[in-house]
There are 2 protein chains.
Amino acid sequence: MPTLKLMDVKSRGLGGLDGILGFHLRLAHGAVYRHFTETFANLDLTQKQVSALWLAAEEPGISQVELGRKLSMDRATTMTIVNRLQDRDFVRRERSDSDGRKQALHVTPTGLAALDEAKVCIAEHEKWLKARFTAAEVEKLVEMLTRIHE
Amino acid sequence: MPTLKLMDVKSRGLGGLDGILGFHLRLAHGAVYRHFTETFANLDLTQKQVSALWLAAEEPGISQVELGRKLSMDRATTMTIVNRLQDRDFVRRERSDSDGRKQALHVTPTGLAALDEAKVCIAEHEKWLKARFTAAEVEKLVEMLTRIHE
DNA sequence: GGGCGATTGTATGCTCCACTAACGATTAGG
DNA sequence: CCTAATCGTTAGTGGAGCATACAATCGCCC
């Protein structure tokens, strides 16, 4: 038996870590995150910002807490996201008339234009991501991921 | 047709975002990340640190670049991870004798003990995560996630 | 209707992670 | 032997998550 140390691990060589589901989830997330960042480099938008902008556009007048809840962010984190979007004139805050505690978020025309651009990039990004799966697999994957995060 | 605006979106209310695979991946990652952090609060270890420690233990003498490659981290990020592990006396750096540029990483007995503790927590964490899937589903999920990150 | 607890927004500060750019040391190859 | 590539290291930037604290507002209960 000659030395076959290099055969002990598979090509990537992750050893026992290879059986950890959470580990693969983190690596996959990282890979997608990297590709996303590349795709959105010229738009200068992050995943969070796009998600928040998208949601705010779909639900005009949504409060920050509600936005944060849907994206699983706490209030402080939501603040920084909304702040950045507001600094770039993508959304504006407006005191809710029905509840004085809430800020009603509204997407500006500038923000809508940015969102339209972003959606094109998202489509491209999703195409890259989904290219490795069949439609049925994508559906199954989304369903399983949903079981994790919902 | 009365107003059924509230029926337009599903319970979570994600609207068009619901069809985006990358979005679900990010949410799922976030949920797992949160649970991981809870589970490891007393050990004061992060996912990255555990992964790095685990890998270093399985491949004694591994170089930092190699470690970073397997965990998809660049050199700078790997540095900060290894620094933290070294500060806590979990690993030690040793100049490689075969290649003067490389640092050979070795896990200390202290680090091994911490890793053993961590593996118990990992098992618990994985159990929580996998509870929502059948064994076949877990296998399929890992396989699909691998297609994304490899 | 008055007070109290809950909710919301906000500000501050900490930690972690990822990336870039630079520099020095070392190695490998033409 | 000299040049290009690799590796470790440092410093700086930015996004994101979280805890805490505080003020304003709302809802509810007595």
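Quick note: structure is the one above.
Remember, it's a predicted structure, so these values are computed and weren't measured experimentally.

The rules we used
- Residues numbered from 1 in each chain as written.
- Chains lettered and ligands numbered in written order.
- Predicted model: local features only at pLDDT ≥ 70, side-chain atom pairs only at ≥ 80, totals over all residues.
- Heavy atoms only, no water.
- Near = heavy atom within 4 Å.
- Polar contact = N/O pair within 3.5 Å; in protein donor to acceptor, adjacent residues only side chain to side chain.
- Helix = DSSP H or I, 4+ residues; strand = E, 2+ residues; numbered from the N terminus.
- Nonpolar A, V, L, I, M, F, W, Y, C, P; charged D, E, K, R; others polar.
- Salt bridge = Lys/Arg side-chain N within 4 Å of Asp/Glu carboxyl O.
- Buried < 20%, exposed > 50% of the residue type's maximum accessible area, 1.4 Å probe, protein only.
- Pairing = 2+ DSSP bridges.

Our next topic: the protein's contact with DNA strand C. Near DNA strand C, the surroundings consist of 21 residues, among which Val65(A), Arg75(A), Gln103(A), Thr46(B) and Arg101(B) are the closest. In DNA strand C, atoms within 4 Å of the protein come from the sugar-phosphate backbone in 69% of cases. At 3.4 Å from a sugar or linking oxygen of DNA strand C is found a side-chain nitrogen or oxygen belonging to Arg101(A). In terms of residue count, helix H4 (residues 75–87) of chain B provides more of the surface near DNA strand C than any other element does, four residues in total. Here the residues of the surface near DNA strand C are counted per class, giving five nonpolar, six polar and 10 charged.

Looking now at the protein's contact with DNA strand D. Taken together, the neighbourhood of DNA strand D is formed by 22 residues, with Thr46(A), Thr77(A), Val65(B), Arg75(B) and Gln103(B) sitting nearest. A share of 69% is what sugar and phosphate atoms reach among the atoms of DNA strand D within 4 Å of the protein. At a separation of 3.0 Å, a phosphate oxygen of DNA strand D approaches a polar side-chain atom of Arg93(B). Contact between DNA strand D and Gln103(B): a phosphate oxygen at 2.7 Å from a side-chain N or O atom of the residue. Looking at the surface near DNA strand D, the elements with two or more residues in it are helix H4 (75–87) of chain A together with helix H3 (64–70) and H4 of chain B. Sorting elements by how many residues they give to the surface near DNA strand D places H4(A) first, with four residues. For the surface near DNA strand D, the class distribution of residues is six nonpolar, six polar and 10 charged.

This part takes up the pattern of salt bridges. Should their charged atoms come close, side chains of opposite charge can pair. Evaluation of the coordinates by the stated rule reveals 18 salt bridges over all chains. Note that Asp99(B) is salt-bridged to Arg101(B), the shortest N-O span being 2.9 Å. Given the relative accessible area of 70%, Arg101(B) is considered exposed. Here the residues in one salt-bridge network are Glu137(A), Lys140(B), Glu143(B) and Arg147(B), joined through shared partners.

Moving on: the pairing of strand E2 (residues 103–107) of chain B. Residues and elements named next belong to chain B. Among the five residues in E2, four count as buried, and that is most of the element. Inspection of the sheet shows strand E1 (residues 91–95) paired to E2 by five bridges, in the antiparallel sense. Within E2, the residue paired with Glu-94 across the bridge is Ala-104.

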